[in-house]
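Close look at the chain arrangement
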Amino acid sequence: MTIFSCIIYPGSQTTLAQLGLPESFTPPKVRILSRMFPGIEEGTWTATKIREAREGEKEDLIAKQKAAMGADQDEDEGDEDDDDEGEELDEATGEMRSTVDGVLAKSPTDGVADEDGAAAAMVGEMSVPKKDEAPSTPAKLRVQESTVTEAEEGDGEGDDDDDEDMGEEGVYVEDEDDEEGAVWCMKEGKVVDWGCFFALLQHVHETINPTFHTPILMLCPPNFSSRDKELLTQFVFEKLKAPGFAMMDASLAVLWAYGISTGTVIDVGYEKTDVTPILEFIVQERARESIPGWGGDAMTRHLAKLLPDMKLEEVEQLKKSSICEILSSGSLLPTTGSVNAAIAAGEKNRRTTESDGMDLDVEDEEGSFNVAAIVAAGKTHEFLAKKEKEKRGEFEKRLPNRDRENNTFWLIEKKKPGEDDLIIDENLPVIATLAPSLPLPEASGETSVVAPSVSVPTITETGTEVPATEISDAIAPINPLVLPQPPTAPSEDEAARRQKEKDKRKEERRATAIGLPPLAEDETYREVEVGVERFQAAGCGILHALADNIWRVMAKVEDVSRRAELWESLIIVGNGSRVKGFKESLLATIQSKYYISPSSGTIFSSELPSNLSTPMATGASTPIPQNSSGGPSQPNPLLVAATTHNSHQQNMYNPMMQQHNHHHHSAHSQTPTTIKVVKPPEYFPEWKDVGFEEVGFLGAQVAAKVLFVVDQGASQGFLTRVEYNEGGPAAIHAI
Amino acid sequence: MSSLQPTLSSNQAPSTVEYGGDEISAIVLDPGTAWIRAGFAGEDTPKSVIPADYGCIEGAGENGGRKMFIGDNDVHALRPGMEIRNPMNDGIVADWDTAPLLWRAAITSRLTTELSEHPLLMTEPSWNPSKNRERTIEVVFEDFDVPAFYLAKTGVCAGFASGKATGLVIDVGASNISITPIHDGLVLKKGCTRSPLGGTFLSDQIRAYFAAVNIPLSAHYQVLSKSPVEAWKPADAVYRAFAPGEEPTDSYRRFQEDRVLTEFKECTAQVWTGPGLLPSTAQDAASAMLSSPGGRPFEFPDGFNVVFNTERFRVTEGIFHPPSMLTSYQHHPDPNSTLGLNQLIHQSMKDVDIELKQLILNNVVITGAGSLLYGFTDRVNAEIAAAFPGPRVRVMAAGNSVERRYAGWLGGSILASLGAFHQLWISRKEYDEHGPNIVEKRCK
């Protein structure tokens, strides 16, 4: 049985949505980027960019369109949605269409892929012949008439399908790859463009296409003001025509998902992090903070700064790859020395020489980032260095990521238009190898180029040196399953091209072999090697900034005695926290900065016995002697009791007053004495695979079930249309 | 299957009876010296609470003006050259250029950006001079463009929050302790007393005490990580290094240290509640130790930690007994002429009519975040019982720390949501007719 309800979770980057509640709660079905493009007409918005056709495209398109129209007339009839229409026209234009499966499989962060996917699924049966060759036109293009735009005012009841008008006026194309001019309607959790935001909601609503009696539950970011909520309520009832609507705080939803009532939710988002303490399902509004500027994006930007040769999108992918890791604050970055040591352990096993070397060394001493790139120039030196490197590289491969100096990941790239004529870069993975200068005498040759915090890729081929192309590359020696690449020299001639084609396919096969997702036609894999920079995503200070903020939020919780509980139930969610090691490092940072260790002073103080002489029977005040993973040794429970339990002195004047004091001073002491993270719930198998970063959505599903199904409005859990008609948008605050 | 509204079929749009009402709730703003509280009337806690302290860098703003940093996120951020300031003095506005900006920020950050749509109720201390009150109404009508306004006394509001229209309100704020006798929702002006022995005073006392016994006070921003050390042993911490010229200002350091002191007040400091007087000599202290509640440890941001015994009582004693305050710092109140809390109460009651006295003493309300000091209410209770012996003296303090902190705001929220209150609003039209002076006539 599927229960009808519709959940929307808007975020600064991605908006999640789902229609219906399956038996077991699953990750969100629909993911849409939270941005729209201004339409042709003022005040209208479209989900994909619509621009005027460029020179040359125009005639071509019109011709195709005309042809297509005749052929597809019948098929068009059943379709109401203008998205579908666009999609079909696109199908009709045949050549420009990439494979349907490819689109479906694209990563969620990738452009409008999902929206396409949803639409494409509907028209999937049409079995358009797939084209194997890469499209020759600069970008995927879709034709759309100017009159059909997704209007903000659109009432969602289907737009007219006037195919006949097509092509008469100006010709516009939908350009999926063009991100230019996109309006991101939310920034740092706040709606910055309401027109755009509503258009997005409309688009989401149409994508999931619920029936009229489907109530909507929306998770709202903490930054929404009361007025924002009223505006939304009005929109949902008057434009989306929902029969019921409820809003839920995104942080509270996380708690629902975890099934606990008290906790601190740390939601690391794109450009901000929310810290929300919640006591008994009550959000501590005054204490909660939204920290602008510290989110996943801060880490990406910092990495980009460290790796100036990589494009921002590439860095983003690096951050998301499994080799990007934040090491705990104490551990040093792997250096050649440490790698050598690790290799030495396994030295007896193998000795191979293969692969290609690299000439670029970056020094990194004792954690301080002191970079010197050294390029060996002399032939002999180069040879020796290469030999040494090869040996090391081979062993290095078998080490876990954190012990390796360099590691590689697969980069998904959009093919460039007309790429076939150029040197295909997927065979030439970037090397940005970093190694200290000292341990390798051979490498510290005559020429040494010092370039602080910059890694300069150079190009080497097996045996022969290749002049730098615009894509500065070199062969990567490292991939667990990969044999060394056959040399490919840049050349325009046919043989080389075929070779490249072959290599490319080989590469893609390898990529799929190690479990990478299949690609769309216009994407390629490229293996990229990165040095120790990959461990420095948090170098921008995000951990300290967050730790300080979390402490401050805790200090603002009015109920001093409850702070300990909040420290003991931290929940770190949000896609920004997906970076490997992030959560652990954040905890370690808090621990090292704010943890209150049990005082040694009380052990020796003579009044300890008298202190314990009047224990009150309030179990709540005794801190639970549990400890966070890897924290300092457990405090002696007796000691903790002594230090936190202020014995309740006799009040000789007014016994009545005592009542109050017992209540709110029971655990009156400094916090945190324990810092713990709540374990994610284990009974949602689907969520285990994708991680619990978006667990708020799971909470929303639980809540939707409770509100709309179990409770059915008996306890006024959501706003019905009738109530809305009576109370207006402000009625949402009563819910 | 839909279990909802079965009468609606899925292919029929619901009727579009659109909403046309204009029930707009009022905004309640309670500006204090430490915090500015704002929220919608009718709610039980303020939604938005921002610090009244703000950061500013001269010359960094537009046209070489000053750049301001308002709100928790901004004011605590580490910025070279940022000074921390406060627009209030003795509980009333001193800097009229800044205070309205903070008020606006408190409202717009979490509530609404449309100030012109909501009536505004503000609170003021009972000693607010009429010049200030007129300035306030000018700002809200001219600058904020509110449709209606009212200025209520903090004391009255705090009484309302406890359900009392008559009583004695003891408000322990940041800048001072104020005693306000109220009767039937009106302040008895004669009985209003106050002394500057509030939360700031207490922080200064603790700071002076630390300095006197060579306890190094550190702030969290200075420390990157710390390691546990034994009591009284030097701290073992990694400190943040600042490049020359990048150091934060003294006022910033002090502001950040104050947060540590606040934690000390919350967790360690305590008011002596007997038996007897706070022992003043070491010998007395030793004997009192036997029955005292013992020491409490406190760990500083750099890991330095100390167990405090009678010292944690001594730092608070100045509130009740000014001659015992520490005077080793500048700008401390005069220990001899300043009135302690019990003297304040006494003086306040002296000027109250004898018939009302019993009624008022029957409803003593303690509010303000400063009163959350451990043992504070017990001590006040004892002092009052000693000064006014009788069965009808009753002291009440909300057990809930949230209510105690925001009593002034909460009372305003109750007041503004009362049906009968509607006639009290000063409308924009009235203001336009009568000018700012109307506040004196209408807001008593």
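Thresholds, definitions, all that
Residues numbered from 1 in each chain as written. Chains lettered and ligands numbered in written order. Predicted model: local features only at pLDDT ≥ 70, side-chain atom pairs only at ≥ 80, totals over all residues. Heavy atoms only, no water. Core = buried A, V, L, I, M, F, W, Y, C linked by side-chain atoms within 4.5 Å. Buried < 20%, exposed > 50% of the residue type's maximum accessible area, 1.4 Å probe, protein only. Helix = DSSP H or I, 4+ residues; strand = E, 2+ residues; numbered from the N terminus. Contact = heavy atoms within 4.5 Å. Axes fitted to C-alpha atoms, helices over the stretch in contact; angles between N-to-C directions. Parallel < 35°, antiparallel > 145°, perpendicular 65-115°, else oblique. Left-handed = near helix turned anticlockwise from the far one by under 90°. Nonpolar A, V, L, I, M, F, W, Y, C, P; charged D, E, K, R; others polar. pLDDT = per-residue confidence, 0-100. Pairing = 2+ DSSP bridges.

1. Considering the nonpolar core
All names here are of chain B.
- Among the nonpolar cores identified, the biggest contains 59 residues, and L29, W103, L120, L121, I137, V140 and F149 are the most heavily contacted of them.
- The element that contributes the greatest number of residues to this core is helix α2 (residues 99-110), accounting for 6 residues.
- If sequence neighbours within four positions are ignored, F149 has contacts with L120, M122, T136, I137, V140, F141, W425 and I426.

2. Here we look at the packing of helix α8 (residues 311-320) of chain B against helix α11 (residues 376-387) of chain B
All names here are of chain B.
- α11 packs onto α8 with a crossing angle of 40 degrees between their chain directions and a minimal axis gap of 12 Å. Comparing the axis directions of α8 and α11 gives the class oblique. Crossing hand, α8 versus α11: right-handed. Listed contacts from α11 to E317, I319 and F320 of α8 are F376, R379, V380 and E383.
- Here the contact of α8 with α11 is built from residues that sort into 4 nonpolar, no polar and 3 charged.

3. Comments concerning the confidence of the model for chain A
Residues and elements named next belong to chain A.
- Per-residue confidence for chain A gives a mean pLDDT of 61, with 41% of residues at or over 70.
- No element of chain A has a lower mean pLDDT than helix α19 (residues 655-664), which averages 35, and none a higher one than strand β14 (residues 263-268), which averages 90.
- The low-confidence segment residues 603-667 (pLDDT under 50) makes 100 contacts with residues lying over four places distant or belonging to another chain.

4. Observations regarding the packing of helix α13 (residues 542-556) of chain A against helix α15 (residues 582-594) of chain A
Residue and element names in this part refer to chain A.
- Packing of α13 against α15 brings their axes to within 9 Å, and their N-to-C directions diverge by 60 degrees. Of the possible angle classes, the one that applies to α13 and α15 is oblique. Handedness of the α13/α15 crossing: right-handed. Residues I542, L543, H544, L546, A547, D548, I550 and W551 of α13 touch α15, and the partners they reach there are F582, S585, L586, T589, I590, K593 and Y594.
- Taken together, the residues of the contact of α13 with α15 break down into 10 nonpolar, 3 polar and 2 charged.

5. Topic: the confidence of the model for chain B
All names here are of chain B.
- Averaged over all residues, the pLDDT of chain B equals 86, while 90% of them reach at least 70.
- Between residues 1-22, whose pLDDT stays under 50, and residues either more than four places distant or in other chains, the model counts 38 contacts.
- Quick note on the complex model: pTM equals 0.70, ipTM equals 0.86.

6. A look at the sheet that holds strand β5 (residues 45-46) of chain A
All names here are of chain A.
- Reading across the sheet, the 3 strands line up as β5-β4-β9 and stay open at both edges, with antiparallel pairing between neighbours. In this open sheet, the two strands that pair with only one neighbour each are β5 and β9 (183-184).
- Sheet topology note: the strand β4 (residues 35-38)/β9 ladder contains 2 bridges and is antiparallel. Note that in β9 the partner of M36 across the bridge is V183.
- Lying on the sheet, helix α5 (residues 194-208) is in contact with β4, β5 and β9; it crosses β4 at an angle near 115 degrees.

7. Notes on the pairing of strand β13 (residues 244-249) of chain A
All names here are of chain A.
- The buried fraction of β13 amounts to 6 of the 6 residues, a majority that puts the element mostly inside the structure.
- Every second residue of β13 is oriented toward a common face, with G244, A246 and M248 on one face and F245, M247 and D249 on the other, all of them buried.
- In this structure, strand β12 (residues 216-220) lies alongside β13, joined through 5 bridges in parallel fashion. Looking at the pairing, L219 lines up with M248 of β13.

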